[in-house]
Amino acid sequence: MFIEGAANLARHVKVVDALNVFPVPDGDTGTNMNLSITSGVKEVKQNIQDDSSKVAASFAKGLLMGARGNSGVILSQLFRGFSKQVEGKKQITASDLAQAFESGVETAYKAVMKPVEGTILTVAKDAAKHSLKVAKKHDDVIYVMEETLKEAKASLKRTPDLLPVLKEVGVVDSGGQGLVYIYEGFLAVLKGEKLSENISPVDEVSMENLVKVEHHNAQSHMATEDIEFGFCTEVMVRIDTEKTKKHPFVETDFREELSQVGDSLLVVSDDDLIKVHIHAEQPGEVLTKAQRYGELINIKIENMREQHTHLLDETKEVYGQESTPVDKKKEKSEFGIVTVAMGEGIANLFKGLGAGVVIEGGQTMNPSTEDIINAIEEVHAEKVIILPNNGNIIMAAEQAAEVVGEKAVVVPSKTVPQGLAALLSFNPTQGLEINAGMMKDALSTVKSGQVTFAVRDTNIDGIDIKKDDFMGIAEKKIVSSGADILEVTKELFKQMIDDESEIVTLLQGEDASEEQTNSLVGFIEDEFPDVEVDVHVGNQPLYSYIISVE
């Protein structure tokens, strides 16, 4: 059922992406949902079970770790609650299915700090409520799923009535549409239909792929003799309640215990399963510790020293350069900053201000929960601060911070200018919580603007926008549009700069020219002589200019 749901979503990714309200080239709701659910399906395929609860648990776990963007995180929470509700049930009845949908909605709403109606949450809620009502009268799984899908579609049509911006643009909610496609796949497989034929392969995001990335990013930059923990050890534990009576399982305690015997540690668990990835020198010790909680399954141990020479050769072949060894034995630093950015110039700005790891991503490339967990481990610090720099990455960042424990906090920066302002306020002499507070306060001290192009004709807030025209966006509001990038950007400046403004920072994108940038600097100097202008070549894609006003 999960596989067919994912397959049907994959067929319609471009449709869902096209439903994003803003006509900017980052309509990635469908892509994020697709990558997220594909991670769940990958986990299911790796752990085939003749047990509905086990399948649901695997699916939920894969979704959790592969969640990308707000839509992906919400989807992961919907099926996390679904999984909890059906735990222990080898087969699912119509009533079980309805209750699972309802449990998913409750979990998802709790995960979102400020739920917005007229979104995927509303579609899921309305469908689940109707599902419960129908299941009280009909014990037919197919009929209940039919009615659930029917109400999901009806709720989707109502989303423009709840979100005025949807009605203004003339679209339904993109996340809700993605959920409807998933439910269509569910119904199809229950009826014995096949929707996954001729589906193009999609990128798969899983712990396995995370581990591969971790190995190439870390091991290819060290000498073989410097590998302290020589065995890549992966194991899944099926929790045995009899064993946990004697040795109660607490995820944070288990993670801390394993951290003493290795590195590159990743622990994911729910009430049924524990999954561990670790680099250890004594893999048997890891297995012994894990076995206290249940039955060991899917064990994989690889000798990294034996593989390392081949990895170095592969790295040279792929990148055409020698690897730079680093000292993996060094002690952790007190603080580490993890941030997200697109464009080499912007990444270098963050690094120059002290960021330890810059994840390549942002618009159209939202990093997954696993990507952020990987970066947290890579930064090699006792305390980690995460700057998402994109509103669609904040939930995945918070989910990653929750997985790794108390050592990581998220400063919810929604734009690159906010991220830079926050990083400038970081003080290494202060504690984690104090720094997080100061950095959050800094977010409100900067105005953010962007210049990009429209991907379709539309009208928003009374502004007519034509496909391929440039748009000036102040915070989340489109304030100018036209065919001339200079005129559009100048109008954006007029909207953003006021008497209290002191500094304007201009980040030049990869499709903007030095001549255009010089013209804009001259405009600011003429129109706003008291304002200082700072220019950097950000090389970011999609956005000709990113603007910060302080």
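Relevant structure appears above.
The paragraphs below set out a description of the structure included in this document. (Residues numbered from 1 in each chain as written. Predicted model: local features only at pLDDT ≥ 70, side-chain atom pairs only at ≥ 80, totals over all residues. Heavy atoms only, no water.)

## Some thoughts on the overall build of the chain
For the chain, the count of helices and strands is 22 helices and 16 strands. The burial tally for the chain puts 56% of its 550 residues in the buried class. For the chain, long-range pairs separated by at least 24 residues make up 71% of all intrachain contacts whose partners lie at least 6 apart in sequence. (Helix = DSSP H or I, 4+ residues; strand = E, 2+ residues; numbered from the N terminus. Buried < 20%, exposed > 50% of the residue type's maximum accessible area, 1.4 Å probe, protein only. Contact = heavy atoms within 4.5 Å.)

## Overview of the sheet that holds strand 7 (residues 381-387)
With parallel pairing, the four strands of this open sheet are ordered in space as 6-5-7-8. Among the strands making up the open sheet, the edge pair consists of strand 6 (357-360) and strand 8 (408-410). Recorded for the sheet is a direction-independent mean angle of 20° between the axes of neighbouring strands. In the packing of helix 18 (residues 394-404) onto the sheet, the strands contacted are strand 7 and strand 8, and the crossing angle to strand 8 comes to about 165°. Contacts from helix 20 (residues 432-442) reach strand 5 (333-341), strand 7 and strand 8, with the element oriented near 15° to strand 7. (Pairing = 2+ DSSP bridges. Axes fitted to C-alpha atoms, helices over the stretch in contact; angles between N-to-C directions.)

## With respect to the side chain of Thr 233
Here Thr 233 lies in strand 1 (residues 231-239). In this structure Thr 233 comes out as buried when scored by relative accessible area, which is 0%. Leaving out residues up to four positions away in the same chain, Thr 233 has contacts with Val 276, His 277, Ile 278, Pro 283, Val 286, Leu 287, Lys 300 and Ile 301.

## Here we look at the packing of helix 5 (residues 69-86) against helix 6 (residues 94-111)
As a packed pair, helix 5 and helix 6 sit with axes 7 Å apart at the nearest point and diverge in direction by 135°. In terms of their interaxial angle, helix 5 and helix 6 are classed as oblique. Our pair here, helix 5 against helix 6, has a crossing hand that is right-handed. The residues of helix 6 that touch helix 5, namely those facing Ile 74, Gln 77, Leu 78, Gly 81, Phe 82, Gln 85 and Val 86, are Asp 96, Leu 97, Gln 99, Ala 100, Phe 101, Ser 103, Gly 104, Val 105, Thr 107, Ala 108 and Ala 111. For the contact of helix 5 with helix 6, the per-class residue count stands at ten nonpolar, seven polar and one charged. (Parallel < 35°, antiparallel > 145°, perpendicular 65-115°, else oblique. Left-handed = near helix turned anticlockwise from the far one by under 90°. Nonpolar A, V, L, I, M, F, W, Y, C, P; charged D, E, K, R; others polar.)

## Section: the nonpolar core
One finds Leu 75, Leu 78, Phe 79, Phe 82, Tyr 183, Ile 372 and Ile 386 to be the most contacted residues of the largest nonpolar core, which totals 81 residues. Leave out the neighbours within four places in its chain, and Tyr 183 touches Phe 101, Ala 127, Met 145, Thr 148, Leu 149 and Ala 152. One finds Ile 385, Leu 387, Val 409 and Tyr 543 within the second-largest nonpolar core, a separate group that totals 24 residues. (Core = buried A, V, L, I, M, F, W, Y, C linked by side-chain atoms within 4.5 Å.)

## Considering the packing of aromatic side chains
Tallied over the full model, the rule gives 16 aromatic pairs. Relative to Tyr 183, the ring of Phe 101 has its centre 5.1 Å away and its plane inclined at 55°; by these criteria the two rings are tilted. Of this pair, Phe 101 sits in helix 6 while Tyr 183 sits in helix 10 (residues 174-190), and the two are 82 residues apart along the sequence. Taken individually, Phe 101 and Tyr 183 each receive the classification buried, so the pair is uniform in this respect. (Phe/Tyr/Trp six-rings, centres within 6.5 Å; stacked < 30°, edge-to-face > 60°.)

## Thoughts on the pattern of salt bridges
Overall, the coordinates contain 18 salt bridges when judged by the stated rule. Salt-bridge contacts for Glu 295 lead to Arg 238; the nearest nitrogen and oxygen are separated by 3.1 Å. With Glu 295 in strand 4 (residues 294-303) and Arg 238 in strand 1, this residue pair connects regions lying 57 residues apart in the sequence. Take Arg 238: its relative accessible area is 22%, and that puts it in the partly exposed class. A cluster of three or more residues bridged by salt bridges with shared partners is formed by Glu 257, Glu 285, Lys 289 and Arg 292. (Salt bridge = Lys/Arg side-chain N within 4 Å of Asp/Glu carboxyl O.)

## As for the sheet that holds strand 14 (residues 503-508)
In any sheet, the strands associate via hydrogen bonds between backbone groups, in a parallel or an antiparallel arrangement. Ordered in space as 13-12-9-16-14-15, the six strands form an open sheet in which the pairing is mixed. Each edge of the open sheet is held by one strand with a lone partner, namely strand 13 (477-482) and strand 15 (532-537). Within the sheet, the average angular offset between the axes of one strand and its neighbour, ignoring direction, is 15°. Where strand 12 (residues 470-474) and strand 13 come together, five bridges link them in antiparallel fashion.

## Here we look at the pairing of strand 12
With five of its five residues buried, strand 12 lies for the most part within the structure. Neither face of strand 12 is open: one carries Phe 470, Gly 472 and Ala 474, the other Met 471 and Ile 473, and all of them are buried. Relative to strand 12, strand 9 (residues 447-453) runs antiparallel, the two sharing five bridges. Bridge pairing links Gln 450 to Ile 473 in strand 12. Remark: two residues form the turn of the hairpin made by strand 12 and strand 13, two consecutive strands paired antiparallel; Glu 475 in that turn has positive phi of roughly 55°.

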